[in-house]
Amino acid sequence: MEFMKLAIEEAKKSSEDVGCGVVIVKNNEVIAKAFNSQRDSFDASAHSEINAIKEAGKKLNNKILEDCTVYCTCEPCIMCLSAFSYAKIKKLVYGLNLRDTYPGNRIIDINIDEFLAKSPHKFEVVKNFMEQDCKELLKR
């Protein structure tokens, strides 16, 4: 619960329409935290997950995050799921479903289970963790 609360605090720093926050943890220690910053950075790939993966890689001096758990306020998009697969994370814990965050046709709608079925790297997923707390981020 403590790590998701940190991710929620990160999400509150975002100036995006939908703030998303991420915390990456290894051996019960926070190694990276980030929020989405696409507009501020003029970078379409500046999702919170990508920002956190970059920070974690620098801290660990390794692109592989195999013993890490990622706490994310919302379900990662297909780009971020792919990055998790390439980084070989161990576990993902997220709050809101992507469809609840971006209704309509604003997302590439690929179910996380479908993604993992096709991904060469499998990781554990905990869905809808602290969902109600994460929903509060949508009311900003």
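In what follows, the structure referred to is the one given above.
One structure accompanies this document, and this report is about it. (Residues numbered from 1 in each chain as written. Predicted model: local features only at pLDDT ≥ 70, side-chain atom pairs only at ≥ 80, totals over all residues. Heavy atoms only, no water.)

**Description of the sheet that holds strand β3 (residues 68-74)**
Now for step 1: Judged by pairing direction, the sheet is mixed, and its five strands sit side by side in the order β2-β1-β3-β4-β5 without closing on themselves. At either margin of the open sheet sits one strand with a lone partner, and together these are β2 (29-35) and β5 (124-126). Within the sheet, the average angular offset between the axes of one strand and its neighbour, ignoring direction, is 15 degrees.
Now for step 2: As paired strands, β3 and strand β4 (residues 91-96) are joined by five bridges and run parallel to one another. Bridge pairing links cysteine 74 to leucine 96 in β4.
Now for step 3: Set on the sheet, helix α1 (residues 2-11) makes contact with β1 (21-26), β2, β3 and β4; between it and β1 the angle comes to about 145 degrees. (Pairing = 2+ DSSP bridges. Helix = DSSP H or I, 4+ residues; strand = E, 2+ residues; numbered from the N terminus. Axes fitted to C-alpha atoms, helices over the stretch in contact; angles between N-to-C directions. Contact = heavy atoms within 4.5 Å.)

**Let's talk about the packing of aromatic side chains**
Now for step 1: Per the stated rule, a full pass over the model turns up two aromatic pairs.
Now for step 2: An angle of 40 degrees between the planes, with centres 5.4 Å apart, marks the rings of phenylalanine 3 and tyrosine 71 as tilted. You can see phenylalanine 3 sitting in helix α1 and its partner tyrosine 71 sitting in strand β3, a full 68 residues away along the chain. Each member of the pair, phenylalanine 3 as well as tyrosine 71, carries the same accessibility label: buried.
Now for step 3: Relative to phenylalanine 123, the ring of phenylalanine 84 lies with its centre 6.4 Å away and its plane at 90 degrees, an arrangement referred to as edge-to-face. In this pair, phenylalanine 84 sits in helix α4 (residues 78-87) while phenylalanine 123 sits in the loop between α6 (112-118) and β5, placing the two residues 39 residues apart along the sequence. Grouping residues by exposure puts phenylalanine 84 and phenylalanine 123 together as buried. (Phe/Tyr/Trp six-rings, centres within 6.5 Å; stacked < 30°, edge-to-face > 60°. Buried < 20%, exposed > 50% of the residue type's maximum accessible area, 1.4 Å probe, protein only.)

**Details of the packing of helix α3 (residues 48-60) against α4**
Now for step 1: Packing of α3 against α4 leaves a shortest axis separation of 9 Å and a crossing angle of 25 degrees. Compared by their axis directions, α3 and α4 come out roughly parallel. Judged by the twist between their axes, the crossing of α3 over α4 is left-handed. Between α3, through Glu49, Ile50 and Ile53, and α4, the contact on the second element is made entirely by Met79, Cys80, Ala83 and Phe84.
Now for step 2: Among the residues making up the contact of α3 with α4, the classes are represented as six nonpolar, no polar and one charged. (Parallel < 35°, antiparallel > 145°, perpendicular 65-115°, else oblique. Left-handed = near helix turned anticlockwise from the far one by under 90°. Nonpolar A, V, L, I, M, F, W, Y, C, P; charged D, E, K, R; others polar.)

**Describing unusual backbone geometry**
Now for step 1: Even without glycine at this site, asparagine 27 takes up a positive phi of about 50 degrees.
Now for step 2: The topology assignment puts asparagine 27 in the loop between β1 and β2.
Now for step 3: Positive phi is not limited to glycine here, since methionine 130 has a value of about 55 degrees.
Now for step 4: Among the structural elements, methionine 130 can be located in the loop between β5 and α7 (131-135).

**Some words on the pairing of β2**
Now for step 1: With six bridges joining them, β1 and β2 adopt antiparallel strand pairing. Note that in β2 the partner of valine 25 across the bridge is valine 30.
Now for step 2: Between β1 and β2, which pair antiparallel and follow one another directly, the connecting turn spans two residues, one of which, asparagine 27, has a positive phi of 50 degrees.

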